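Breakdown of the fold
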Amino acid sequence: MTEKEKMLAGLPYDGRSPELLARYWEARRLLRELNGPLTVDPEGRAACLRRLLGAVGERTWVESPFMCDYGENIRLGNDVYVGYQCIFQDDNPIIVGDGTLIGAGTILSAPEHPLNPSERMVPDPATGGLRYVTRARPVTIGPRCWLGAGVRVLPGVTIGEGCTIGAGSVVTHDVPPFTVVAGVPARPLRHLPRENA
């Protein structure tokens, strides 16, 4: 099993493997293009996004600057808006449903490290030093959601359809559809009527 296959399977993987590093550096090149002069060229930006991301829906807009790890594991639906300075750490799939709005400075994070320091940093025979251990779990944002500015969504979290996530919230657990949550950690505040969504 390759390190990329381990990464996508949620197993511990080595992010310094040649295959993953090659895609990482290709993503950096595409991000420079996306976050550079193409900002004023909508068609050029759209073409760059299609090369960077795994899927980009119709009428979807990603503001610059935008950052990600690999890009190819991100799937954005139709009519998605991603605000300024968002970071998508896509070491596992990050899926954003149709009609979702993501506020500026939001971080969607799939990778995580072991809590125990002796498991987090392990000997690296190739270098004689240490390397960090990472595993990743998918992040899924349902359709018609609104994530306020500065939201953090942690690995393995699914946010259901029609949810509103208050600005600055840290979402550590799944959120049922049509729920308003806020806080650190985010907690349910109320449920939204489905007929008005």
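Scroll up for the structure.
Predicted model, so just to flag it, every value in this text is computed and none were measured. Along each chain, the written sequence defines residue order, and numbers are assigned to residues from 1. Restriction of local features to residues with pLDDT of at least 70 applies here, the model being predicted, together with a cutoff of 80 or more for giving and counting side-chain atom pairs; totals for whole chains, interfaces and linings are based on all residues. Here the side-chain values reflect all heavy atoms present in the structure, with hydrogen atoms and water set aside.

A separate point is the overall build of the chain. For the chain, the count of helices and strands is 4 helices and 21 strands. Relative to its length of 197 residues, the chain is compact, with a C-alpha radius of gyration of 17 Å against a globular reference of 16 Å. For the chain, the spread of C-alpha atoms along the three principal axes comes to 60 × 40 × 25 Å. Classification of the 197 residues of the chain by burial places 43% in the buried group. Only heavy atoms matter for contacts: two residues are in contact if any of them lie within 4.5 Å across the pair. By sequence separation, contacts in the chain at least 24 residues apart represent 29% of the contacts at least 6 residues apart. Per-residue and other accessible areas follow the Shrake-Rupley method at a 1.4 Å probe size, with only the shown protein chains counted as cover for residues. Element-wise, carbon and sulfur atoms account for 59% of the exposed surface of the chain, whose accessible area totals about 9900 Å². When charges are counted, Lys and Arg are positive and Asp and Glu negative, with His and the chain ends excluded. The atom standing in for a charge is NZ when the residue is Lys, CZ when it is Arg, CG when it is Asp and CD when it is Glu. Where the 21 positive side-chain charges of the chain centre and where its 22 negative ones centre are 3 Å apart. A run of H or I in DSSP becomes a helix once it reaches four residues, and a run of E becomes a strand once it reaches two; helices and strands are each numbered from the N terminus. We compute the radius of gyration from the C-alpha atoms alone; for a globule the expected value is 2.2 Å times N to the 0.38, where N is the number of residues. Burial classes: relative accessible area under 20% of the type maximum marks a residue as buried, over 50% as exposed, and values in between as partly exposed (1.4 Å probe, protein chains only).

A separate point is the side chain of Thr106. As for its position among the elements, Thr106 is in the loop between β8 (101-102) and β9 (107-109). A 3.5 Å cut-off defines polar contacts: any pair of N or O atoms within that distance qualifies, except that in protein one atom must be a possible hydrogen donor and the other a possible acceptor, and neighbouring residues in sequence count only when both atoms are side-chain atoms. At 2.9 Å, the side chain of Thr106 forms a polar contact with the backbone oxygen of Gly103. Other than its neighbours up to four places away in sequence, Thr106 contacts Gln85, Cys86, Ile87, Leu147, Gly148, Ala149, Gly150, Val151 and Arg152.

Compared with the 26 Å implied by 1.5 Å per residue over 18 residues, the 25 Å span of helix α2 (residues 18-35) between its first and last C-alpha is a close match. Taken together, the buried positions of α2 are occupied by Leu20, Arg23, Ala27, Arg28, Leu30, Leu31 and Leu34. As for α2, its buried residues are in contact with α1 (3-8), α3 (42-52) and β3 (66-68). Here a helix's expected span is defined as the number of its residues, less one, multiplied by 1.5 Å.

This part is about unusual backbone geometry. Here the residue pair Ser64 and Pro65 is connected by a cis peptide bond, since its omega of 0° sits within 30 degrees of zero. Structurally, Pro65 can be placed in the loop between β2 (61-62) and β3. For the bond from Val184 to Pro185, the omega torsion is -5°, close enough to zero to count as cis. Mapped onto the elements of the fold, Pro185 is located in the loop between β20 (179-182) and β21 (187-191). The phi angle at Asp79 is positive, at roughly 60°, despite the residue not being glycine. As for its position among the elements, Asp79 is in the loop between β4 (74-76) and β5 (81-82). Phi angles above zero are rare outside glycine, and Phe178 is one such case at about 55°. The residue Phe178 is located in the loop between β19 (170-171) and β20 in this model. With a relative accessible area of 4%, Phe178 lands in the buried category.

The subject of this paragraph is α3. Burial in α3 covers these residues: Gly44, Arg45, Cys48, Leu49 and Leu52. Viewed end-on, α3 has its buried residues packed into an arc of 135°, placing them on one side of the element. In this structure, α3 carries Glu43 and Arg50 as exposed residues pointing more than 90 degrees from its buried face. The inward-facing, buried residues of α3 contact α2, β1 (55-56), β2 and β3. Note that the arc is computed from the directions linking the helix axis to the C-beta atoms.

The strand order across the open sheet formed by 5 strands is β3-β6-β9-β16-β19, and the pairing between neighbours is parallel. Of all strands in the sheet, those with a lone pairing partner are β3 and β19, marking the two edges. Two elements, strand β16 (residues 152-153) and β19, share 2 bridges in a ladder whose sense is parallel. When the sheet's bridge partners are listed, Val153 is paired in β19 with Val171. At least two bridges found by DSSP between two strands are what make those strands a pair.

Attention now moves to the nonpolar core. Think of a nonpolar core as a cluster: buried Ala, Val, Leu, Ile, Met, Phe, Trp, Tyr and Cys residues, connected wherever their side-chain atoms sit within 4.5 Å. Residues Phe66, Phe88, Leu108 and Ile159 are the most contacted members of the largest nonpolar core, which totals 35 residues. Those elements that provide at least two residues to this core are α2, α3, β3, β4, β6 (86-89), β7 (94-96) and β14 (139-141). Per-element tally for this core: the top contributor is α2, with 4 residues. Excluding residues that lie within four positions of it along the chain, Ile159 makes contacts with Thr140, Ile141, Gly142, Cys145, Val153, Ile165, Val171 and Val175. Of all hydrophobic cores here, the second largest spans 6 residues; its members include Tyr13, Tyr70, Ala110 and Ala136.

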